[in-house]
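Each chain, letter by letter, is given below.
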Amino acid sequence: RVRLYKWEVKYEFKSPDCYKKLVITINGRTPGPSIIAQQGDTIVVELKNSLLTENVAIHWHGIRQIETPWMDGTEGVTQCPILPGETFVYRFVVDRPGTYLYHAHYGMQREAGLYGSIRVGLPDGQTEPFLYDYDRSIILNDWYHKSTYEQAAGLSSIPFVWVDEPQSILIQGRGRFNCNAPGIEAGLCNATSPECVPYALTVVPGKTYRLRIGSLTALSALSFEIEGHNMTVADQDPSRNYWASAKVVSRNSTTPNGLAIFNYYPNHPRRNPPTPPPVRPRWDDVGPRLSQSLAIKAHRGYIHPPPQTSDRVIVMLNTQNRVNGHVRWSVNNVSFNLPHTPYLIAYKHNLLHAFEQTPPPDGYDYANYDISSVNTKNVNATTSNAAYRLAFNTTVDIILQNANTMNPNNSETHPWHLHGHDFWVVGYGTGKFDMFNDPKKYNLVDPIMKNTVAVHPYGWTALRFRADNPGVWAFHCHIESHFFMGPLGNFSDCAFSQCLLGVEILNKLAINKIEDITRCQVTFSKRRSSLMKKANEIAVCCDVDVAFVAFSPSGRISKFCNQKRIEDVLHRYVNLPVEKRLKDYELGPEQEPSLHQLSWCERNLKHSLQRIIAKKNAMVDNLSASYQQQNFQKFLVVDHSLLNFHDQNSGNNNFDEVAVRKWPNPPSHHPHHDDLQTASQSQYSTNSNLRQLSSSLDLEAGQQSTAHHHLNNMDSNEDYYNINCDVDTHADAATHDDQHHDVFPHNEVCQINTLFDDLLPPEDAIEDNTIWRSKIQKSALWNGMTCFLMYKISFKLQ
Ligand SMILES: O=C1O[C@H]([C@@H](O)CO)C(O)=C1O
């Protein structure tokens, strides 16, 4: 099923926390419309950028984009930005049920309000591992009053201006800023605006709700609670409302808690709960958060254990550094810059100069780096736009190592997000990761799979994933200002970038059976539609009859036919003689000819050669008839080794003698090259068939082949006359369905005939006692789908 969304992205004034500012909306809303789909659906989003002066790109956070890396929406990595006024169509399959998010992935636009949620349900007839009556999505966010431009300018300045703590926390796009706070410009803040009425989550007593809670904060790590409720069992007094509250942890933040109303029907959704909002946990109490991280395991019955070993381990030390006086974040002392050409485009077009080719380091100076102090050694970092290159289908471990920032006694939580993959979170720990002992404590039995994970202050997090999704994928800290980089304005070299790095998997999809059923289904449905599209194109453009039939593993048929009845085309096939039916599609050459193609080429050369020899013999017979039999000593040696001709690719020395004809009387003079040409032309003039052939050859030469055909005197000492002829042949499967013409289409036959006529010695030479020696050099050269077949036929008159 295809789910089509038409979105227009533009700036509008909104007051989500009562304070009016310009925000980015989708169809007038922030958060934008929710995408609600079922597993296997194709989502099509036609996105019109009406921002007037800003580019845009949207990332579908958590959707792996199997076989659609172009649709990941990461500007600079997988796509060029969508320019103002442009419409871009995102098209991808949601391959697994779950709760996902979408958000801008260009500059810092996410925190200007460009985000929303994606809910993917199970296919009809399948049930969840837990029961519930209703399903609700809530997005949490933090909210700044400054524009993203002002923030970006500060981050890129010397001296550095930090974005500071957000002004509000939004729950489902709504928060409350204190409009009485000092310094608020008159008219900007309106505490009675209906836009900032707290969000009310209305529930019916006694029912079970599934809450899908997503956080898209720009900076803050949040703790979310519903006052008085245990999140798995609902057993509360439904005569009152309760507070739902979100609060900042992990930073000593001044941001007030975000509040929403948990409203029991039929209470009024705006009735404040009778109790004061719950107090936040201590911001620096890392212990419970680490224990919670450690306690979360895969759901019993839905465990996909990770591979037990890995092929590569990359340790990534996260540090805050300086680069040319700018404050930046880096990984292993290298701070990441986005190149001007998106990686995926650079790879597709082989523009390898578009970014640095030396990959970033797989580790850091483990022995000497003190993660708990402001390390003077590593204060200055270098920059690079190189990507890590992961071999296809390998298992990779990444250890994220946290450290002190440039402020004493300060380390911050970083949420790391990997695009295009899920990973198993195999371990968390405090302090410095111990390469020898910590891996022994990994949970390789029932770890949870995620795409975003926290690395706690002064701690480490270990994740494992299969590099099985070819593409170039960002792996980065999800804090907007840490991620921020060049493309906004002119900040190209002074970006404040943390931890963005490309994870790039170059190899193509291996031609192996796909074991993962969902993946197999996605691959099948995508490839099937592109096959049908191609079949339709070839049928229309080339006026050929095409029938395509496939049976899925479950026996469902997919078919395509350009005729009304597929039976008619199949009938044609069934009625073919068996030997014709046996001819199968041959895979075309890629860069280099395969052994199969070479022997194919060789076989065809042999056929051509046989035809030349046969024709030559016939003509010699004809000619001999007009001479005195007793004086005429004819011998035609067919060198059969030629039929085992192997092109050694050695150029001129690869001549083989084909035939030697001895004429009774010595020639009166050696024919000159010009004579020869005139003679062969006169030959054509007496033979209308050949003239026709020759002109059709010229036509072909001009129109579709680079066939050229000339006489030249290669070696005047030897008096060998050479005729070179190149035929380029499109080795298309469609051209070799006739056994006689083999792989090469008819123009090759014309060439051979014409060549042979050129070989005829001039009239006066024939009168003489002449030995005519002829040598043929043949070679074939593959260039992509084209085979250049080259004949060099030389002869010598004595
Ligand atoms: O990148 C950051 O900069 C500030 C602070 O370190 C600057 O003094 C902060 O809290 C960050 O996360």
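Residues numbered from 1 in each chain as written. Predicted model: local features only at pLDDT ≥ 70, side-chain atom pairs only at ≥ 80, totals over all residues. Heavy atoms only, no water.

A. Focus on the sheet that holds strand β5 (residues 58-61). Judged by pairing direction, the sheet is mixed, and its 4 strands sit side by side in the order β3-β8-β7-β5 without closing on themselves. The two strands at the open ends of the sheet, each matched to only one other strand, are β3 (35-38) and β5. Neighbour to neighbour, the strand axes of the sheet diverge by 20° on average, direction disregarded. Note: β5 against strand β7 (residues 98-104), 4 bridges, orientation antiparallel. Along β7, the bridge assignment pairs H59 with H103. (Pairing = 2+ DSSP bridges. Helix = DSSP H or I, 4+ residues; strand = E, 2+ residues; numbered from the N terminus. Axes fitted to C-alpha atoms, helices over the stretch in contact; angles between N-to-C directions.)

B. Fine view of the state of the cysteines. Here the structure, examined in full by the defined rule, presents 2 disulfides. Sulfur-sulfur distance for the disulfide between C18 and C196 comes to 2.0 Å. Across the S-S bond of C18 and C196 the torsion is about 100°, and the bridge reads as right-handed. Highlighted residues: C18 in the loop between β1 (2-14) and β2 (21-26) and C196 in the loop between β10 (168-171) and β11 (200-203), separated in sequence by 178 residues. In the chain, numbering the disulfide-bonded cysteines from first to last in sequence yields the connectivity 1-4, 2-3. (Disulfide = S-S within 2.5 Å.)

C. Up close: the pairing of strand β25 (residues 452-455). With burial as the criterion, only one face of β25 is covered, namely that bearing V453 and V455; the residues T452 and A454 on the opposite face remain uncovered. Relative to β25, strand β22 (residues 414-418) runs antiparallel, the two being bridged by 4 bridges. Its bridge partner being in β25, H417 is matched across the sheet by T452. (Buried < 20%, exposed > 50% of the residue type's maximum accessible area, 1.4 Å probe, protein only.)

D. Up close: the pairing of β1. Looking at chain direction, β1 and strand β4 (residues 42-49) are connected through 8 bridges and run parallel. Paired with E8 across the two strands is K48, which belongs to β4. Here 6 bridges tie β1 to β2, and the two strands are oriented antiparallel to one another. Along β2, the bridge assignment pairs Y11 with I24.

E. Representation of unusual backbone geometry. Backbone torsion omega between T30 and P31 reads -5°, so that peptide bond is classified as cis. Within the secondary structure, P31 is located in the loop between β2 and β3. A cis geometry characterises the amide bond from I158 onward to P159, with omega recorded as 0°. The phi torsion at D164 lies on the positive side, around 65°, for a residue other than glycine.

F. View of the packing of aromatic side chains. Inspection of every chain in the model, using the stated rule, returns 20 aromatic pairs. Relative to Y132, the ring of F130 has its centre 6.0 Å away and its plane inclined at 35°; by these criteria the two rings are tilted. Owing to a relative accessible area of 24%, Y132 belongs among the partly exposed residues under this scheme. Joined through ring pairs, the aromatic side chains of Y5, W7, W60, F88, Y90, F92 and Y102 make up one cluster. The ring centre of W143 lies 4.8 Å from the NZ or CZ of K21, which sits over that ring. Across from the ring centre of Y366, 5.0 Å away, lies the NZ or CZ of K432, which sits over that ring. (Phe/Tyr/Trp six-rings, centres within 6.5 Å; stacked < 30°, edge-to-face > 60°. Lys NZ or Arg CZ within 6 Å of the ring centre and 35° of its normal.)

G. Broad picture of the site of the ligand. The full set close to the ligand counts 9 residues, and R251, Q320, W329, E412 and H482 are the nearest of them. E412 is positioned such that a nitrogen or oxygen atom in its side chain is 2.4 Å from an oxygen atom of the ligand. Each residue belonging to the shell around the ligand can be placed in one class, and the counts come to 4 nonpolar, 3 polar and 2 charged. (Near = heavy atom within 4 Å. Polar contact = N/O pair within 3.5 Å; in protein donor to acceptor, adjacent residues only side chain to side chain. Nonpolar A, V, L, I, M, F, W, Y, C, P; charged D, E, K, R; others polar.)

H. The arrangement of the nonpolar core in detail. Counting 29 residues, the largest nonpolar core has W7, I35, V45, L47, I58, W60 and Y90 as the members making the most contacts within it. Counting only elements with at least two residues in this core, the list comes to β1, β2, β3, β4, β5, β6 (87-93), β7 and β8 (115-121). Leave out the neighbours within four places in its chain, and I58 touches W7, I26, L47, D72, G73, Y90, Y102, H103, A104, H105 and L114. Counting 20 residues, the second largest nonpolar core, distinct from the first, contains L390, V396, I398 and F423. (Core = buried A, V, L, I, M, F, W, Y, C linked by side-chain atoms within 4.5 Å. Contact = heavy atoms within 4.5 Å.)

I. Local environment of the environment of Y19. Within the fold, Y19 resides in the loop between β1 and β2. Residue class for Y19 comes out buried when judged on its relative accessible area of 14%. Considered as a pair, Y19 and A191 are 172 residues apart in the sequence and their alpha carbons are 8.2 Å apart. Sequence-distant contacts of Y19, that is, excluding residues within four places in its chain, are made with K14, H145, F177, I184, L188 and C189.

J. Seen up close, the pattern of salt bridges. Counted by the stated rule, this structure contains 23 salt bridges. A salt bridge links E412 to R251; its shortest N-O distance comes to 3.3 Å. On the criterion of sequence distance, the pair formed by E412 in the loop between β21 (394-401) and β22 and R251 in the loop between β14 (242-249) and β15 (258-264) is long-range, its members being 161 residues apart. When its relative accessible area of 12% is taken as the criterion, E412 is described as buried. Taking the relative accessible area as the measure of exposure, R251 reaches 10% and is therefore buried. When the shortest N-O distance is used, the salt bridge between D397 and R464 registers 2.7 Å. Here D397 is found in strand β21, whereas its partner R464 is found in strand β26 (residues 459-467), with 67 residues between them in sequence. The same class applies to D397 and to R464, which are both buried. (Salt bridge = Lys/Arg side-chain N within 4 Å of Asp/Glu carboxyl O.)

K. Examining the sheet that holds β10 more closely. The strand order β10-β9-β12 describes an open sheet built from 3 strands, whose pairing is mixed. Taken across any chain shown, the strands that pair with only one partner, and hence form the sheet edges, are β10 and β12 (209-215). Ignoring which end each strand starts from, the neighbouring axes of this sheet average 20° apart. Pairing of strand β9 (residues 134-143) with β12, which is carried by 7 bridges, proceeds in the parallel orientation. Each residue of the ladder has a partner; that of I139, found in β12, is G214.

L. A look at the confidence of the model for the chain. Summarising the model, the chain shows a mean pLDDT of 75, and 70% of its residues fall at 70 or more. Note that pLDDT drops below 50 for residues 485-502; the model gives that stretch 70 contacts with residues more than four away or on any other chain. Across residues 627-793, where pLDDT falls below 50, the model places 346 contacts with residues more than four positions away in sequence or in other chains. The ipTM value of the predicted complex is 0.98, and its pTM value is 0.66. (pLDDT = per-residue confidence, 0-100.)

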